[in-house]
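Read off the chains here:
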Amino acid sequence: MMSQERRIKVLVAKLGLDGHDRGAKVIARALKDAGMEVVYTGLRQTPEQIVKAALQEDVDVIGVSILSGAHLELVPLVVQQMKEKGLNDVVLVVGGVIPPQDIPKLKEIGVDEVFLPGSSLKEITEKITKAVAAKRGLKIAS
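Quick caveat, the model's predicted, so the values are computed rather than measured.

Calculation notes
Residues numbered from 1 in each chain as written. Predicted model: local features only at pLDDT ≥ 70, side-chain atom pairs only at ≥ 80, totals over all residues. Heavy atoms only, no water. Pairing = 2+ DSSP bridges. Helix = DSSP H or I, 4+ residues; strand = E, 2+ residues; numbered from the N terminus. Buried < 20%, exposed > 50% of the residue type's maximum accessible area, 1.4 Å probe, protein only. Contact = heavy atoms within 4.5 Å. Expected span 1.5 Å × (residues − 1). Arc of directions from axis to C-beta. Core = buried A, V, L, I, M, F, W, Y, C linked by side-chain atoms within 4.5 Å.

### A few points about the pairing of strand β3 (residues 37–40)
Move 1: Relative to β3, strand β2 (residues 9–14) runs parallel, the two being bridged by 4 bridges. Of the residues in β3, the one forming a bridge with Val10 is Val38.

As structure tokens, this is what we get:
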């Protein structure tokens, strides 16, 4: 793939029935402040809705926020939808209240990064930038 320089485009989505989105909005603002283009889908999104939006928006990253404890049930469905729609080069990050012992399971199924409460905004933006550069072969505009 030819290297091109452009802004990273991120879809931030609240997966499942979790009704709390303050953290997702803080992350979306931080990513915008870091120069990324951000699309926020709002609350209570299904895996199908998230992947459909990612396709429509032609994003580099899907950022899923989940606080409900259903990450091991719902995130694999997002991964499955991504594979079915050919989004193999889209970075998938998950953030929220996730027991540390579940992180290897999430990474095993295809999640690129997992961010727990307390992750710094700087760490999140840096890891997303590195993951996009690696997975999509992009030179990221600074």
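### Considering the environment of Val93
Move 1: Looking at where Val93 falls in the secondary structure, it is placed in strand β5 (residues 91–96).
Move 2: Overall, the relative accessible area of 5% leaves Val93 in the buried class.
Move 3: A sequence separation of 22 residues divides Val93 from Phe115, and the C-alpha atoms of the two residues are 7.6 Å apart.
Move 4: The contacts of Val93, once residues within four sequence positions are left out, are Val61, Ile62, Gly63, Val64, Val111, Glu113, Phe115 and Ile128.

### Overview of helix α1 (residues 22–33)
Within an α-helix, residues lying three or four positions from one another point in the same direction, as the helix has 3.6 residues per turn.
Move 1: For α1, spanning 12 residues, the distance from its first C-alpha to its last is 16 Å, which sits close to the expected 16 Å at 1.5 Å a residue.
Move 2: Within α1, burial applies to Ala24, Ala28, Ala30 and Leu31. The buried residues of α1 occupy an angular sector of 165° when projected down its axis, which confines them to one face. Among the exposed residues of α1, those oriented more than 90 degrees off its buried face are Arg22 and Asp33.
Move 3: Elements in contact with the buried residues of α1: β2, β3, β4 (61–66) and α5 (121–136).
Move 4: In the segment just after α1, Gly35 is the residue with positive phi, at about 95°.

### Regarding the nonpolar core
Move 1: Ranked by size, the top nonpolar core spans 27 residues in total, and within it Leu11, Leu15, Ile62, Val75, Met82 and Leu92 carry the most contacts.
Move 2: Elements with a minimum of two residues in this core: β2, α2 (47–57), β4, α3 (71–84), β5 and α4 (103–109).
Move 3: It is α3 that provides the largest number of residues to this core, a total of 5 residues.
Move 4: Beyond its immediate sequence surroundings of up to four residues, Met82 is in contact with Val51, Ile62, Leu87, Asn88, Val90 and Leu92.

### Here we look at unusual backbone geometry
Move 1: In this model, Arg44 sits at a positive phi of 55°, which is unusual for a non-glycine residue.
Move 2: Residue position: Arg44 is located in the loop between β3 and α2.
Move 3: The partly exposed category is assigned to Arg44, whose relative accessible area is 47%.
Move 4: One non-glycine residue, Asp58, adopts positive backbone phi at about 55°.
Move 5: With respect to the helices and strands, Asp58 occurs in the loop between α2 and β4.

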